[in-house]
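So you can see what is in the structure, the chains are spelled out below.
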Amino acid sequence: MTVIASIDSQSILKATNLLKEGLLVAMPTETVYGLGADATNSRAVAAIYAAKGRPSFNPLIAHVSDLTQALKEAEFSETALKLAEKFWPGPLTIVAPISFQCSVCDLARAGLDSVALRMPKDLTAQRLIKALGRPIAAPSANRSGHISSVTAEHVASDLLGKIDLILDGGPTKLGLESTIISFCQATPIILRSGIIAREEIEEFLNQRLTSPVKDKVIAPGMTLAHYAPLATLRLNAKDIAEDEAAIDFGAQFNQFRKTNLWMRDLSATQNLIEAASNLFTFLREADKSGTKKIAVASIPKHGLGEAINDRLMRASVPNNIA
Ligand code: TXA
Ligand code: MG
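Remember, predicted model here, so these are calculated numbers, not experimental data.

Report on the overall build of the protein, specifying residues and quantitative values.
On a plain count of helices and strands, the protein comes out with 9 helices and 14 strands. Radius of gyration (C-alpha) of the protein: 20 Å, near the 20 Å computed for a compact globule of 322 residues. Dimensions of the protein, computed from the C-alpha atoms along their principal axes, are close to 60 × 50 × 30 Å. When each of the 322 residues of the protein is scored for burial, the buried share is 53%. Counted over contacts in the protein with a minimum sequence separation of 6, partners at least 24 positions apart contribute 67%. As presented, the protein carries roughly 14600 Å² of accessible surface, and 52% of it is formed by carbon and sulfur atoms. Of the side-chain charges in the protein, 34 are positive and 33 negative, and the distance between the mean point of each set is 2 Å.

Written out as structure tokens, the structure reads:
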């Protein structure tokens, strides 16, 4: 059941406890409402994708309460830091390479080596992040394909029954999403235009912002915001070849178990939320094991299975086509 609560110490405490338990809380920010979960808890983040009904895993913004917390999560260039100091707290999202101690889970980053960070100005959001003591992953609080919610009523009409609590802070002040700037390349790239105008940022930095090459996809799965594993994936595998590692689902590969075989089960109990929460971590671990090929068991196509299959399909495209 979804509870809608106005903002006071009691509802903030309730929200904090729900987040600590890995549950979902919609919170106001100054831009749009966010569908929040503990960004360090991959099960909780998987529940975000399930509630939104997203057919694919987009990386999410991790919301922080102060600069110290942000600097723990990512490597800020001098320019990135300058921009953060100027526009935070506020409607600016900075994408930067993860630090060695980044706590935002793989799934929230969709497996990428970068993380999107934002310090919201909204006091409720700030109180909640501080109380949790960890970043809050929060995409806009709407069903996939719908427009972003700017009131608690919008959130309820999209997500009632799918999340645990909606903190009602009234209509959001700005009503449009944050501007996203990536600092993962030599020059900053504007990934999404938003509340802060490109010109304002360019003027402040005294530097032009590059635009991403629009939908320039070399091969499916090779877009800017997608993690590509080094190993080649063989999907819907019924067996495991000599030279393959294996990613199982629901113990389909049990009969092939043997020593020296690198194998993980996304969810032995066929739980799609658990499977989603393990997906990027296992792909990364498989790459680290040094294997060149991975057999992947078939995964149901319904619910979160759609996003898992989408991700695996993209990952199965050879990434050495230049
Ligand atoms: O104003 C906002 O930004 C709102 C509030 C809730 O903070 N959030 C929001 O989140 O609009 P969402 O998930 O709807 O959009 C986040 C965008 C996505 O388009 C995603 O692709 C991009 O951020 N993004 C996140 N992490 C990224 C990364 N590591 N690299 C590139 N893009 C990233
Ligand atoms: Mg959105």
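Read on, since the account is not over.
Quick rundown of the packing of helix α1 (residues 9-20) against helix α5 (residues 123-132)? Include the residues and the values.
For the pair α1 and α5, the least separation of the axes is 9 Å and the interaxial angle reads 50 degrees. By the angle between their directions, the pair α1 and α5 is classed as oblique. The two elements α1 and α5 meet at a crossing, and its hand is right-handed. For the pair α1 and α5, contact is made by Ser9, Ile12, Ala15, Thr16, Leu19 and Lys20 and by Thr124, Arg127, Leu128, Ala131 and Leu132, respectively. Among the residues forming the contact of α1 with α5, the class breakdown is 6 nonpolar, 3 polar and 2 charged.

Mind laying out the sheet that holds strand β1 (residues 3-6), listing which residues take part and the relevant values?
If you trace the 10 strands from one edge of the open sheet to the other, you get β1-β8-β2-β3-β7-β4-β6-β5-β9-β10, paired in mixed fashion. Single-partner strands in this sheet number two, and they are β1 and β10 (189-192). Taken together, the 4 bridges between strand β5 (residues 92-97) and strand β9 (residues 179-182) define a ladder with parallel strand orientation. Bridge pairing links Val95 to Ser182 in β9. Contacts between helix α6 (residues 152-159) and the sheet are confined to β1, β2 (25-27), β3 (34-38) and β8 (165-168), with β8 contributing the most and set at about 165 degrees to the helix.

Kindly report on the sheet that holds strand β12 (residues 244-248), identifying the contributing residues and their values.
The 4 strands are arranged β11-β14-β12-β13 in an open sheet whose pairing can be described as parallel. At either end of the open sheet lies a strand with only one pairing partner, and these are β11 (232-237) and β13 (263-265). Direction aside, the axes of adjacent strands within the sheet are offset by 20 degrees on average. Note: β11 against strand β14 (residues 293-297), 4 bridges, orientation parallel. Residue Ala237 lies in a different strand from β14, and its bridge partner there is Ala297.

Please set out the domain arrangement of the protein residue by residue, giving values where relevant.
One frequent convention defines the size of an interface as the accessible area lost when the parts assemble. The domains assigned to the protein are domain 1 (3-205) and domain 2 (232-321). A C-alpha centroid distance of 29 Å is found between domain 1 and domain 2. In this complex, domain 1 contributes 16 residues to the contact, which on the side of domain 2 involves 15 residues. When the two sides are added together, the surface that domain 1 and domain 2 hide from each other amounts to roughly 1300 Å², 63% of it contributed by carbon and sulfur. Of all residues in domain 1, Arg43, Phe57 and Asp106 bury the most surface against domain 2, accounting for 42% of the area lost on that side. For the pair domain 1 and domain 2, the number of links is 3 salt bridges. Note that Arg284 is salt-bridged to Asp113, the shortest N-O span being 3.0 Å. Counting every contact that joins domain 1 to domain 2 gives 4 residue pairs in polar contact (both at pLDDT 80 or more).

Let's hear about the pattern of salt bridges: which residues, and what values?
Pairing of side chains with opposite charge becomes possible as their charged atoms draw close. Summed over the entire model, instances satisfying the criterion amount to 14 salt bridges. As a salt-bridge pair, Asp310 and Arg314 come within 3.0 Å of each other at their nearest N and O atoms. With a gap of 4 residues between them, Asp310 and Arg314 both fall in helix α9 (residues 305-315), about one helical turn apart. Several salt bridges converge on common partners, so that one network encompasses Asp106, Arg109, Asp113 and Arg284.

Which residues make up helix α8 (residues 272-289), and what are the values?
If you check α8, its first and last C-alpha atoms are 24 Å apart, about what 18 residues at 1.5 Å a residue would give, namely 26 Å. Maximal helix bending in α8 amounts to about 40 degrees, located at Leu279. Within α8, burial applies to Leu272, Ala275, Ala276, Ser277, Asn278, Leu279, Phe280, Phe282, Leu283, Arg284, Ala286 and Asp287. Where α8 begins, the side chain of Asn271 points an oxygen toward the backbone nitrogen of Ile273, at a separation of 2.8 Å. Remark: Gly290 follows α8 within two positions and exhibits a positive phi of approximately 90 degrees.

About the cut-offs
- Residues numbered from 1 in each chain as written.
- Chains lettered and ligands numbered in written order.
- Predicted model: local features only at pLDDT ≥ 70, side-chain atom pairs only at ≥ 80, totals over all residues.
- Heavy atoms only, no water.
- Helix = DSSP H or I, 4+ residues; strand = E, 2+ residues; numbered from the N terminus.
- Rg over C-alpha atoms; globule rule 2.2 N^0.38 Å.
- Buried < 20%, exposed > 50% of the residue type's maximum accessible area, 1.4 Å probe, protein only.
- Contact = heavy atoms within 4.5 Å.
- Areas by Shrake-Rupley, 256 points an atom, 1.4 Å probe, with all protein chains shown as cover.
- Lys, Arg positive; Asp, Glu negative; His and termini not counted.
- Charge placed at Lys NZ, Arg CZ, Asp CG, Glu CD.
- Axes fitted to C-alpha atoms, helices over the stretch in contact; angles between N-to-C directions.
- Parallel < 35°, antiparallel > 145°, perpendicular 65-115°, else oblique.
- Left-handed = near helix turned anticlockwise from the far one by under 90°.
- Nonpolar A, V, L, I, M, F, W, Y, C, P; charged D, E, K, R; others polar.
- Pairing = 2+ DSSP bridges.
- Domains from an automatic or database assignment.
- Buried area = accessible area lost by both parts, 1.4 Å probe.
- Salt bridge = Lys/Arg side-chain N within 4 Å of Asp/Glu carboxyl O.
- Polar contact = N/O pair within 3.5 Å; in protein donor to acceptor, adjacent residues only side chain to side chain.
- Expected span 1.5 Å × (residues − 1).
- Bend = angle between axes of the 7 residues up to and from the residue.

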